Amino acid sequence: MITRIDLRGRSLSARELVETLPRAELGVEDAAHRVAPIVEAVRARGADALREYAERFDGVRPEHLRVPGDALADALARLDPDVRAGLEEAIRRVRLVHAAQRPQDFTVEIGPGAQVRQRWVPVRRVGLYAPGGLAVYPSSVVMNVVAAQEAGVRSLAVASPPQKENGGLPHPTILAACALLGVDEVYAVGGAQAVAMFAYGAAGSEPQDGDVLCEPVDVVTGPGNVYVAAAKRLVRGVVGIDAEAGPTEIAILADGTADPGHVAADLISQAEHDPLAAAVLVTPSVELAAAVEARLADLVTATKHAARVAQSLAGPQSAIVLVDDLEQGLQVVDAYGAEHLEIQADGAAALAERVTSAGAIFVGPWSPVSLGDYMAGSNHVLPTGGCAHFSSGLGVHSYVKAVQVIEYDRDALEELADRIVAVANDEDLPAHGEAVRARFL
């Protein structure tokens, strides 16, 4: 069901290690060629193109591309009370964590009359995407919206695919989550076309749309399939994006003290997302590896999405990696740079402090990834495909920008004038120096 990779007794370079570890092949480049005409059509024809693509990809032609306010209120009124309580608790916890993420302004006094200040400014407007393919993710609405709200963004729009069974509107739980969060600008638009709409805006084509259906945004965030990732690649530079998020990943660093049932259940929990989802166990314990394999054989057949899970676990992106010891295991998980990294081993907390590349780290047997997906307070929109080597998960920082403010008085500038002129002349940019000298003539 799941392959083994044996690294015991092998000394690999960083490059060799990365090449040896399993990874899903995204095919974003190929998808970008297919997505480019969609992006251009939405840019050129606005709502007309959005309706055509909804009919083609989602099997329904929405009457209302912008969800009416009464539909949001109705979805909230009909929301299962237990689900509502769960979402409200998730919102509360995520808001607590993200409020603490707000970066602080600072002022540095360089010398008398010389000051540099830095202010953190929220972007003007954001577009947030909530997928609706193999599963529905109101939790992703929570993660995106709360982070943007805590950053101070004033204008938020959410898009999620229209559903034939919901009269051309997004899934009711998505709408209810938006209503809970006070978001009233919601669009029945899915996939690459939603990213294009956010990046370029869209003109209306029906009376209910108005002349302008959607104004362009400054930043687009949210998870999605390979076509959403490809669309983000195409519009990056027109707008900011969080990441080209690919299929979900879980890596578990575990030793012989780990419960094989817990490990197997956690691998399955992420494998059920997508046939391309990656599930990787890194362990020095052959006994644990064998026990996990046995538990997987039992648990996969019993889970609801057994076929999807089996395909994920058997794919080239999933494996059990055998290592000499936990030290080599740390090298492996750092080279892999997982979206989600669990550590179920003796001294897990100390090991977690040594990890440098992971989207989020879940420490010990009572901190499964499922906790982070919903209720931990952390954000579950995280870097995939090794992007954890250089990028962070979604947070307040995704929606703010630093603005530096420089204020010098006459004496402070005069003190530096000769040095500025010297460097400017050395760079063959004499007008730079002359702009300083002009103030002292």
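All of these numbers come straight from a predicted model, not from anything done at the bench. (Residues numbered from 1 in each chain as written. Predicted model: local features only at pLDDT ≥ 70, side-chain atom pairs only at ≥ 80, totals over all residues. Heavy atoms only, no water.)

Structural notes on the sheet that holds strand β15 (residues 360-363)
- Judged by pairing direction, the sheet is parallel, and its 6 strands sit side by side in the order β1-β13-β12-β11-β14-β15 without closing on themselves. Of all the strands in the sheet, just β1 (4-6) and β15 have a single pairing partner and so form its edges. Put simply, the sheet's adjacent strands are angled 20° from each other on average, direction ignored.
- In the sheet, strand β14 (residues 340-344) pairs with β15 via 4 bridges, with the strands oriented parallel. Residue pairing for β15: H340 is matched across the bridge by A360. (Pairing = 2+ DSSP bridges. Helix = DSSP H or I, 4+ residues; strand = E, 2+ residues; numbered from the N terminus. Axes fitted to C-alpha atoms, helices over the stretch in contact; angles between N-to-C directions.)

Observations regarding the layout of surface pockets
- Taken as a whole, the second largest pocket spans an internal volume of roughly 290 Å³.
- As for the second largest pocket, its lining consists of 20 residues, of which I241, D242, S392, H397 and S398 are closest to the centre.
- Breaking the lining of the second largest pocket down by element, the ones donating at least two residues are β9 (219-221) and β10 (240-241). (1 Å grid on protein atoms, 1.4 Å probe; cavity = no way out; pocket = protein on both sides within 12 Å on 5 of 7 lines; lining within 4 Å. Points joined across faces, edges and corners; volume = space filled by probe spheres on them.)

Comments concerning the pairing of strand β3 (residues 114-122)
- Here strand β2 (residues 106-111) pairs with β3 via 5 bridges, running antiparallel. Bridge pairing links F106 to Q118 in β3.
- As consecutive antiparallel partners, β2 and β3 are separated by 2 residues, and within that stretch G113 has a phi angle of approximately 75°, a positive value.
- Judged from the 9 bridges that link them, β3 and strand β16 (residues 400-408) form a sheet pairing that is antiparallel. Bridge assignment links V121 to a residue of β16, and that residue is K401.

Concerning the sheet that holds β10
- Strand order in the open sheet formed by 5 strands is β6-β5-β4-β9-β10, with parallel pairing between adjacent strands. In this open sheet, the two strands that pair with only one neighbour each are β6 (186-188) and β10.
- Sheet topology places β9 next to β10; 2 bridges connect them, and they run parallel. When the sheet's bridge partners are listed, V220 is paired in β10 with I241.

Some words on helix α2 (residues 28-45)
- Counted at 1.5 Å a residue, the expected span for α2 with its 18 residues is 26 Å, and the 25 Å between its end C-alpha atoms agrees.
- The largest bend in α2 is about 40°, located at R34, with the proline P37 one to four residues further on.
- Three or more residues of α2 are buried, namely V28, A31, A32, V35, I38, V39, A41 and V42.
- Against the buried residues of α2 lie α3 (47-58), α8 (191-200) and α9 (226-235). (Expected span 1.5 Å × (residues − 1). Bend = angle between axes of the 7 residues up to and from the residue. Buried < 20%, exposed > 50% of the residue type's maximum accessible area, 1.4 Å probe, protein only. Contact = heavy atoms within 4.5 Å.)

Points about the UniProt feature "active site" (unreviewed entry) in the protein
- UniProt annotation of "active site" (unreviewed entry) refers to E339 and H340 when read in the numbering used here.
- Mapping E339 onto the fold places it in the loop between α13 (326-336) and β14.
- Look past the residues within four positions of E339 in its chain and what remains in contact with it is P247, T248, E249, G359, A360, H380, L382, P383 and T384.
- In terms of polar contacts, E339 uses its side chain to reach the side chain of T248, at 2.8 Å.
- Position of H340 relative to the elements: it lies in strand β14.
- A residue is classified by how much of its surface remains accessible, and H340, at 2% relative accessible area, is buried.
- The contacts of H340, once residues within four sequence positions are left out, are T248, E249, I250, A251, Q270, A360, F362, V369, D373 and L382.
- From its side chain, H340 meets the backbone oxygen of E249 in a polar contact 2.7 Å long. (UniProt positions renumbered as here; feature names shortened; annotations may be inferred. Polar contact = N/O pair within 3.5 Å; in protein donor to acceptor, adjacent residues only side chain to side chain.)

With respect to helix α10 (residues 260-271)
- An ideal rise of 1.5 Å per residue puts 16 Å on 12 residues; α10 measures up with 16 Å between its terminal C-alpha atoms.
- In terms of residue burial, α10 counts as a mostly covered element, since 9 of its 12 residues are buried.
- Taken together, the buried positions of α10 are occupied by G261, V263, A264, D266, L267, I268, S269, Q270 and A271.
- Considering only its buried residues, α10 is in contact with β11 (249-254), β12 (278-283), α11 (286-302), α12 (306-314), β14 and α15 (369-374).

Details of the pattern of salt bridges
- Tallied over the full model, the rule gives 22 salt bridges.
- R124 serves as the salt-bridge partner of D218, at 3.5 Å between the closest nitrogen and oxygen. Here D218 is found in the loop between β8 (212-214) and β9, whereas its partner R124 is found in the loop between β3 and β4 (125-129), with 94 residues between them in sequence.
- According to the relative accessible area criterion, D218 is partly exposed, its value standing at 27%.
- For R295, the salt bridge is made with D298, and the minimal N-O distance between the two is 3.9 Å. Taken as a pair, R295 and D298 lie in helix α11 at a separation of 3 residues, close to a single helical turn.
- The network of salt bridges with common partners includes E29, R233 and E244. (Salt bridge = Lys/Arg side-chain N within 4 Å of Asp/Glu carboxyl O.)

Details of the pairing of β12
- Across the 6 residues that make up β12, a large majority, 6, are buried.
- Pairing analysis gives 5 bridges linking β11 to β12, with the strands arranged parallel. Of the residues in β12, the one forming a bridge with I252 is L281.
- Assessed by its sense of winding, the connection that carries the chain from β11 through α10 to β12 is right-handed.
- Relative to strand β13 (residues 319-322), β12 runs parallel, the two sharing 4 bridges. In the sheet register, V282 faces β13, and the bridge partner there is V321. (Right-handed = clockwise from strand over helix to strand, strands pointing away.)

Looking at the UniProt feature "binding site: NAD(+)" (unreviewed entry) in the protein
- Mapped onto this numbering, the UniProt entry gives "binding site: NAD(+)" (unreviewed entry) at Y129, Q193 and N225. With the annotated positions falling across 97 residues, the maximum pairwise C-alpha distance of 12.5 Å places them together in a single cluster. Here the residues from the annotation list that line the largest cavity are Y129.
- For Q193, a relative accessible area of 4% puts it in the buried group.
- Residue contacts for Q193: discarding those within four places in its chain leaves I38, V42, L50, Y53, A54, F57 and D58.
- Polar side-chain contacts of Q193 include one of 3.1 Å to the backbone oxygen of G190.

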